[in-house]
Amino acid sequence: MSTKIQSDKPEVILTGDRATGPLHLGHYVGSLKPRVALQSVHEQTILVADMQGLTDNAHNPSKVSSNILNVVADYLAVGIDPSKTTICLQSQIPTLAELTMYYSNLVTIARLERNPTVKSEIQSKGFERSIPAGFLTYPISQAADITAFNATLIPVGDDQLPMLEQTNEIVRKINSLAGETILNECKPLLSRASRLPSTDGKNKMSKTMGNTINLGATEKEIRAAVKSMYTDPNHLRVEDPGKIEGNVVFTYLDAFHPDEAYVSDLKEHYQRGGLGDGTTKKILEECLQELLAPIRKQRAEYLNDKEQLLDILRKGSEVSRAKAERVLHEVKGVFGLNLF
Ligand code: TRP
């Protein structure tokens, strides 16, 4: 019996998001828009990674539980269609935890500590030696997520490449133990959009630092966020020439303004001098208000019908559990544990 999931679509895609906050414009350009396009071509599953969210939030679990439906509403509001994309909830697929246990025996602590993404997260979170075991091992759990669907293509940001590398190491070990290919190796699909900076121009977007624009942001929040955006600190008078590089207003105009030629004219004008930050911010604000108004409205409507959101998750998780169980059966077989 082969676990290859039968599909007439070219690739099996799995992506996921930690449910630790509502999604923002960075998610929109980097991952949500591409997923909307991919869902018509491929077999796509999106995993709401609530268990992974707990790996560094177990002492503040409501940060995860209260955001699960927000994230689902965000998906639907931007056009992810549950009739084309399976949306599932990690904690409702216990098979993933079982797979994680088997894979854990194939991965050393040293290897986990070498994972560059985990390493920098441990540093930035200030864990030192008090790293939750679940946090250190989340790359194994992510390998379980990916292989449970026998996914072949994973749309990710470059910070996730080490996770895919670890996944493929596990895949090769399982296949080698099995003496045949039972799991697929996966490839990353890197987003063409470069990473969107936070509104303050620092690299990391962080909800607590208030430097993001959420998909559900109110008109007022959008206005305030654009007003406070980092521009060119040396551009003091309107007539001064300004710098585009590192100017967040222009980065966002590049990412969101529909008229490229117009943005290019604005850039020239700004660099020449005579174009004030007030004006560029006004143009950006209008464009973001227009983009987000329908998304905010849809999102609110979805959140008004929690039963519908739960139903989507329930159905998606059921379908996903069935797929994952087929893979688990194969993996248990590798260890000789399908006794009855
Ligand atoms: N680690 C991913 C993130 O932080 C979320 C995630 C969990 C994921 N499981 C996944 C991504 C499986 C891709 C595939 O964004």
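Residues numbered from 1 in each chain as written. Predicted model: local features only at pLDDT ≥ 70, side-chain atom pairs only at ≥ 80, totals over all residues. Heavy atoms only, no water.

### Let's talk about the overall build of the chain
Link 1 in the chain: Each helix and strand counted, the chain has 15 helices and five strands in total.
Link 2 in the chain: Over its C-alpha atoms the chain spans a radius of gyration of 22 Å, differing by no more than 12% from the 20 Å that the globule rule assigns to 340 residues.
Link 3 in the chain: Each of the three principal axes of the chain carries a C-alpha extent, and together these read 80 × 45 × 40 Å.
Link 4 in the chain: Looking at the chain as a whole, 50% of its 340 residues qualify as buried.
Link 5 in the chain: Sequence separation of 24 or more characterises 78% of the internal contacts of the chain that already satisfy a separation of 6 or more.
Link 6 in the chain: Separation between the mean location of the 39 positive side-chain charges and that of the 42 negative ones in the chain comes to 2 Å. (Helix = DSSP H or I, 4+ residues; strand = E, 2+ residues; numbered from the N terminus. Rg over C-alpha atoms; globule rule 2.2 N^0.38 Å. Buried < 20%, exposed > 50% of the residue type's maximum accessible area, 1.4 Å probe, protein only. Contact = heavy atoms within 4.5 Å. Lys, Arg positive; Asp, Glu negative; His and termini not counted. Charge placed at Lys NZ, Arg CZ, Asp CG, Glu CD.)

### Notes on the layout of surface pockets
Think of a ball as big as a water molecule: rolled over the atoms, this probe shows where empty space is left.
Link 1 in the chain: Counted as a void, the second largest pocket has a volume near 210 Å³.
Link 2 in the chain: If you list the elements that add at least two residues to the lining of the second largest pocket, you get helix H2 (50-54), helix H5 (94-104), helix H8 (133-136) and helix H9 (138-148).
Link 3 in the chain: Looking at side-chain class alone, the lining of the second largest pocket contains six nonpolar, seven polar and one charged residues. (1 Å grid on protein atoms, 1.4 Å probe; cavity = no way out; pocket = protein on both sides within 12 Å on 5 of 7 lines; lining within 4 Å. Points joined across faces, edges and corners; volume = space filled by probe spheres on them. Nonpolar A, V, L, I, M, F, W, Y, C, P; charged D, E, K, R; others polar.)

### Quick look at a negative patch on the surface
Link 1 in the chain: A contiguous patch of negative charge, built from Asp259, Glu260, Asp265 and Glu268, is present on the exposed surface.
Link 2 in the chain: Among the structural elements, glutamate 260 can be located in helix H13 (residues 260-272). (Patch = residues over 30% accessible without salt bridge, like charges linked within 9 Å, V, L, I, M, F, W, Y side chains within 5 Å. Areas by Shrake-Rupley, 256 points an atom, 1.4 Å probe, with all protein chains shown as cover. Salt bridge = Lys/Arg side-chain N within 4 Å of Asp/Glu carboxyl O.)

### Re the pairing of strand S4 (residues 153-156)
Link 1 in the chain: Side chains Leu153 and Pro155 project from S4 onto one buried face, and the interleaved Ile154 and Val156 project onto a second face that is buried too.
Link 2 in the chain: By the bridge criterion, four bridges tie S4 to strand S5 (residues 187-190) in an arrangement that is parallel. When the bridges of S5 are listed, isoleucine 154 appears paired with proline 188.
Link 3 in the chain: In this view, the connection linking S4 to its parallel neighbour S5 by way of helix H10 (residues 161-178) has right-handed handedness. (Pairing = 2+ DSSP bridges. Right-handed = clockwise from strand over helix to strand, strands pointing away.)

### Notes on the domain arrangement of the chain
Link 1 in the chain: Its domain assignment divides the chain into domain 1 (12-196 + 306-334) and domain 2 (219-301).
Link 2 in the chain: The straight-line distance from the C-alpha centre of domain 1 to that of domain 2 is 34 Å.
Link 3 in the chain: Contacts between the two partners involve 10 residues from domain 1 and, on the opposite side, nine residues from domain 2.
Link 4 in the chain: Here domain 1 and domain 2 share an interface that buries about 870 Å² over both sides, 75% of which is from carbon and sulfur atoms.
Link 5 in the chain: Sorting the residues of domain 1 by area buried against domain 2 places Leu25, Ala77 and Leu196 first, and these three jointly supply 56% of that buried surface.
Link 6 in the chain: Taken together, domain 1 and domain 2 are joined by one salt bridge.
Link 7 in the chain: Between arginine 299 and aspartate 74 there is a salt bridge, and its shortest N-O distance comes to 2.4 Å. (Domains from an automatic or database assignment. Buried area = accessible area lost by both parts, 1.4 Å probe.)

### Observations regarding the site of the ligand
Link 1 in the chain: Taken together, Leu14, Thr15, Gly16, Arg18, Leu47, Ala49, Gln52, Gln142, Asp145, Ile146, Ile154 and Gln160 make up the full set of residues near the ligand.
Link 2 in the chain: One of the side-chain nitrogen or oxygen atoms of arginine 18 is found 3.4 Å away from an oxygen atom of the ligand.
Link 3 in the chain: The separation between a nitrogen atom of the ligand and a polar side-chain atom of glutamine 142 is 2.9 Å.
Link 4 in the chain: Computed on the free molecule, the ligand has an accessible area of 360 Å², of which 87% lies beneath the protein chains in the complex.
Link 5 in the chain: Of all elements in the fold, only strand S1 (12-18), strand S2 (43-49) and H9 reach the threshold of two or more residues within the shell around the ligand.
Link 6 in the chain: Element by element, the count of residues in the shell around the ligand is highest for S1, at four residues. (Near = heavy atom within 4 Å. Polar contact = N/O pair within 3.5 Å; in protein donor to acceptor, adjacent residues only side chain to side chain.)

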